[in-house]
Amino acid sequence: MADLQNLSLSTNGSILTVTINRESKLNALNTDTIAELKEVIQSVYDDKDISGVIITGAGEKAFVAGADIGEFSELNEMNARKFSEEGQEVFQLIENCHTPVIALVNGFALGGGCELAMACHMRVATANARFGQPEVNLGILPGYGGTQRLTHLIGKGRAFEYLMTGDMMDANQALSYGLVNYTEVDKEAAMAKANDLLEKISSKAPIAIGLVVDCVNAVFNQDENGYQTEANAFARCCGTDDFKEGAAAFMEKRKPEFKGE
């Protein structure tokens, strides 16, 4: 992996933490950061030693306070579609990754930051977290999947409200709407919660965990029969050594030792 200028990586056992490291810019996403994020997530796809990923922002003020507005000035109707599609591609990589990805949302998660958090499989927020899609204030709308994922997560009526007003919701609202899984008092507690979740998941069968991702995402794909996806995934699991180990461990009243095979 090339030297990263906008991200920093750290590991805790088999859990990789990816920190968007542009604190002076409130971790705003620019094209270089998006490209680095794509490179890191692609590497996770091929790294069986990583059992989980946490994405967070540097500092206490912001997860990601939005996209880099300076880059927006160069957009027009001809090049904006490519700009949007390139961001969507990276966020879809996160959404479809068979390794579980948790967003640790510290502070502001606005615009592209909210979209990034929603692309992750789960979200743990600090008490000072603020979520929003304020793009209408700039005369645009979300371009990295925000109109779709926000609707999936909080429902049509609330999505219309937040997308049309540009208002922010606080951590408690986000929790009550189902946008986040947990809220914690501060970043340290949120990091502990995210690690606990990923450690619990890492004790399960890796192939089954990956196929859960496919099945859940199929719910929102109109071109896919989710029930057939589930049946296919179930059949695949039943052909694995992990299934044999899980069944044997249950019968023998012991913890299974899954190998992802």
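This text follows the structure it describes.
This write-up is about the structure you can find in this document. (Residues numbered from 1 in each chain as written. Predicted model: local features only at pLDDT ≥ 70, side-chain atom pairs only at ≥ 80, totals over all residues. Heavy atoms only, no water.)

## Side note on the environment of Phe258
Turning to step 1, where the next piece is worked out: Within the secondary structure, Phe258 sits in the segment after helix H11 (241–251).
Turning to step 2, where the next piece is worked out: A sequence separation of 56 residues divides Phe258 from Ser202, and the C-alpha atoms of the two residues are 9.4 Å apart. (Helix = DSSP H or I, 4+ residues; strand = E, 2+ residues; numbered from the N terminus.)

## Some points on H11
Working note: α-helix, 3.6 residues per turn, so residues spaced by three or four point in the same direction.
Turning to step 1, where the next piece is worked out: Burial in H11 covers these residues: Asp242, Glu245 and Ala249. Along the axis of H11, the buried residues cluster in a sector spanning 60°; they form a single face. In H11, the exposed residues that point more than 90 degrees away from the buried face are Lys244, Phe250 and Met251.
Turning to step 2, where the next piece is worked out: In this structure, the buried residues of H11 make contact with helix H9 (206–218). (Buried < 20%, exposed > 50% of the residue type's maximum accessible area, 1.4 Å probe, protein only. Arc of directions from axis to C-beta. Contact = heavy atoms within 4.5 Å.)

## A closer look at the environment of Pro134
Turning to step 1, where the next piece is worked out: Mapped onto the secondary structure, Pro134 falls in the loop between strand E8 (130–132) and helix H5 (146–154).
Turning to step 2, where the next piece is worked out: Taking the C-alpha atoms as reference, Pro134 lies 25 Å from Ala190; in sequence the two are 56 residues apart.
Turning to step 3, where the next piece is worked out: Each residue touching Pro134, except ones within four places of it in the same chain, is listed here: Leu110, Gly111 and Gly166.

## Quick notes on the sheet that holds strand E5 (residues 101–105)
Turning to step 1, where the next piece is worked out: Reading across the sheet, the 6 strands line up as E1-E2-E3-E5-E7-E10 and stay open at both edges, with mixed pairing between neighbours. One side of each edge strand has no neighbouring strand; the edge strands of this open sheet are strand E1 (7–12) and strand E10 (182–184). Each strand axis lies, on average, 20° off the axis of its neighbour in the sheet, ignoring direction.
Turning to step 2, where the next piece is worked out: As judged from the 6 bridges shared by E1 and strand E2 (residues 15–20), these two strands associate in the antiparallel manner. The residue of E2 that forms the bridge with Asn12 is Ile15. (Pairing = 2+ DSSP bridges. Axes fitted to C-alpha atoms, helices over the stretch in contact; angles between N-to-C directions.)

## Section: the side chain of Glu115
Turning to step 1, where the next piece is worked out: You can see Glu115 is positioned in helix H4 (residues 112–119).
Turning to step 2, where the next piece is worked out: One buried charged residue, Glu115, forms no salt bridge at all, with the nearest opposite charge on Arg149 at 6.5 Å.
Turning to step 3, where the next piece is worked out: Here the side chain of Glu115 touches Gly146 through a polar contact of 2.8 Å, landing on its backbone nitrogen.
Turning to step 4, where the next piece is worked out: Once residues within four sequence positions are removed from consideration, Glu115 is found in contact with Phe91, Gln133, Glu135, Pro142, Gly143, Tyr144, Gly145 and Gly146. (Lys, Arg positive; Asp, Glu negative; His and termini not counted. Salt bridge = Lys/Arg side-chain N within 4 Å of Asp/Glu carboxyl O. Polar contact = N/O pair within 3.5 Å; in protein donor to acceptor, adjacent residues only side chain to side chain.)

## A look at the nonpolar core
When a protein is soluble and globular, its nonpolar side chains tend to lie buried together.
Turning to step 1, where the next piece is worked out: Leu37, Ile55, Phe91, Ile94 and Phe131 are the most contacted members of the largest nonpolar core, which totals 46 residues.
Turning to step 2, where the next piece is worked out: With near-sequence residues (within four places) excluded, Phe91 lies in contact with Leu29, Ile34, Leu37, Gly112, Glu115, Leu116, Ala119, Tyr144 and Arg149.
Turning to step 3, where the next piece is worked out: Counting 11 residues, the second-largest nonpolar core is a separate cluster that includes Leu104, Met122, Ala194 and Leu198. (Core = buried A, V, L, I, M, F, W, Y, C linked by side-chain atoms within 4.5 Å.)

## Concerning the side chain of Thr99
Turning to step 1, where the next piece is worked out: Tracing the chain through its elements places Thr99 in the loop between helix H3 (80–96) and E5.
Turning to step 2, where the next piece is worked out: On the accessibility criterion, Thr99 (12% relative accessible area) is buried.
Turning to step 3, where the next piece is worked out: Each residue touching Thr99, except ones within four places of it in the same chain, is listed here: Val44, Ile50, Ser51, Gly52, Val53 and His121.

## Considering unusual backbone geometry
Turning to step 1, where the next piece is worked out: Positive phi, normally seen in glycine, also occurs at Leu26, with a value near 55°.
Turning to step 2, where the next piece is worked out: Mapped onto the elements of the fold, Leu26 is located in the loop between E2 and helix H1 (31–45).
Turning to step 3, where the next piece is worked out: You can call Leu26 partly exposed: its relative accessible area is 33%.
Turning to step 4, where the next piece is worked out: Despite not being glycine, Asn27 has its phi angle at roughly 60°, a positive value.
Turning to step 5, where the next piece is worked out: Here Asn27 lies in the loop between E2 and H1.

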